[in-house]
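Architecture at a glance
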Amino acid sequence: MKSAYIHIPFCHHICHYCDFNKVFMKGQPVDDYLDALAKEMELTVQSDRDMLDTIFVGGGTPTALDERQLGKLVQSVQNQLNFNRETEYTFEANPGDLSKEKLAILKDAGVNRLSFGVQTFNDELLKKIGRSHRAKDVFESIENAKAAGFENISIDLIYSLPGQTKDDFIESIQTAFSLGLVHYSGYSLIIEPKTVFYNLMQKGKLAIPGEDAEAEMYETLMDQMQKHGLHQYEISNFAVPGYESRHNLTYWNNEEYYGFGAGAHSYVKGMRQSNYGPLKKYMEPISRGELPIMDAHKTTLEEQMEEEMFLGLRKTKGVSVRRFEEKFSRDPLQIFSEQLDDWTKKGLLKTDNDNISLTRQGRLLGNEVFQSFIGVSNH
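Residues numbered from 1 in each chain as written. Predicted model: local features only at pLDDT ≥ 70, side-chain atom pairs only at ≥ 80, totals over all residues. Heavy atoms only, no water.

**Concerning the overall build of the chain**
For clarity, the cut-off: Only runs of H or I of at least four residues qualify as helices and only runs of E of at least two qualify as strands under DSSP, and these elements are numbered from the N terminus. For a compact globule the rule gives 2.2 Å times the number of residues to the power 0.38, and the radius of gyration it is set against comes from C-alpha atoms. Whether a residue is buried, partly exposed or exposed follows from its accessible area with a 1.4 Å probe, protein chains only, as a fraction of its type maximum: under 20%, in between, or over 50%, in that order. Contacts are residue-level and defined by heavy atoms, with any inter-residue pair within 4.5 Å sufficient.
Tallying secondary structure elements over the chain gives 16 helices and 17 strands in all. Computed over its C-alpha atoms, the radius of gyration of the chain comes to 21 Å, within 12% of the 21 Å expected for a compact globule of 379 residues. By principal-axis analysis of the C-alpha atoms, the chain measures approximately 55 × 50 × 45 Å. For the chain, buried positions account for 52% of its 379 residues. If you take every contact in the chain between residues at least 6 apart in sequence, the share linking residues at least 24 apart comes to 70%.

Here is the structure:
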């Protein structure tokens with residue numbers, strides 16, 4: 001069973017913190033891009049008609065497409081990819097972008113999960129981070145989505161935003177719960193190069209809450225989610241049991257997936273590949289019947305084992321020793337004994353029965369733990 005990620009790089013509006021591969025939509029060759037995307041899917045899967053377990057359409061903003069374009073996109077997914085009603089089929093959406101017509105198009109096409117980029121319910125903060133929607137748009141979008149028959153709905157929240165207090169964040173979490181959804185994601189703001197926020201920070205014009213406040217907000221997030229019966233199954237993700245994102249679990253379980261579209265990454269038959277990001281560079285090879293691959297890397301056994309560790313440790317249940325041994329015929333407790341001992345002594349990792357996982361304290365310092373597994377097994 002494989003997964004497919006499909007990238008739609010267009011946005012009506014660019015947020016101040018976003019460094020994904022995206023372009024301002026006005027004047028872009030949207031239709032040509034959608035044609036190229038259909039062709040890329042066809043070229044890639046012509047020999048492989050496996051039933052897909054998950055499809056995820058992200059961006060950019062997939063819902064920035066108009067009704068006709070959206071119809072065209074879901075039609076090519078239907079023509080080129082093999083999926084059925086059991087497939088988890090997600091569309092990322094912007095609150096306020098999904099008209100009732102668009103919702104109907106998605107529903108008819110077999111889309112069964114929506115993920116809204118909400119970020120915060122504080123209108124002042126939304127303005128500050130360059131979002132075009134306001135809290136009222138979220139309520140309306142969720143209401144319309146439920147009315148259209150969607151029940152598997154997720155929203156993203158971001159904490160540690162410029163000028164955000166812990167109380168602000170708690171208020172956003174409470175408002176999020178009032179929507180009664182089955183899945184929530186919470187991420188801390190990361191300031192990436194080439195973003196508006198990065199430039200402001202370089203000039204000393206961006207006041208962000210700082211590490212201690214960020215850790216406090218994260219702890220608050222974990223506590224509140226637990227209180228409301230949402231299970232934390234990954235560092236940033238919480239779900240009503242049974243509604244975990246199967247697509248994201250594909251990445252964390254270190255399983256294979258296709259990546260279609262400009263700048264998309266894929267992992268198939270042990271090859272990690274990435275497509276050209278700029279639209280022209282992406283579309284050009286496809287017009288000649290070639291795949292738009294910018295670079296490809298055959299992963300070594302060592303790299304696969306390291307990836308299994310640092311991706312798997314993102315999940316709260318961690319890495320299964322048994323599954324690791326089945327996959328690689330090696331014992332992770334032996335290969336990574338030094339790292340495991342070190343982090344266990346520091347109280348950031350624990351091993352019980354079959355699972356190696358982060359402790360609660362470890363979740364706060366996850367990145368340090370993950371990094372320690374990279375480049376180990378070559379020594």
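**Some details on the pairing of strand β5 (residues 88-93)**
Convention followed: We treat two strands as partners when DSSP finds at least two bridges between them. Seen with its strands pointing away from the viewer, a crossover is right-handed when the path leading from the first strand over the helix to the second is clockwise.
In terms of residue burial, β5 counts as a mostly covered element, since five of its six residues are buried. Examined bridge by bridge, strand β4 (residues 52-59) and β5 share four bridges and lie parallel to one another. Looking at the pairing, I55 lines up with Y89 of β5. At this point the chain moves from β4, through helix α2 (residues 67-80), to the parallel β5, and the crossover so formed is right-handed. Bridging between β5 and strand β6 (residues 113-119) involves four bridges; their strand directions are parallel. Residue A93 lies in a different strand from β6, and its bridge partner there is F116.

**Quick word on the sheet that holds strand β15 (residues 319-320)**
Sheet strands pair via backbone hydrogen bonds, and the direction of the pair is either parallel or antiparallel. Pairing in this open sheet of three strands is antiparallel, and the strands run β15-β17-β16 from one edge to the other. In this open sheet, the two strands that pair with only one neighbour each are β15 and β16 (349-352). Pairing of β16 with strand β17 (residues 355-358), which is carried by four bridges, proceeds in the antiparallel orientation. Bridge pairing in β17 places K350 opposite S357.

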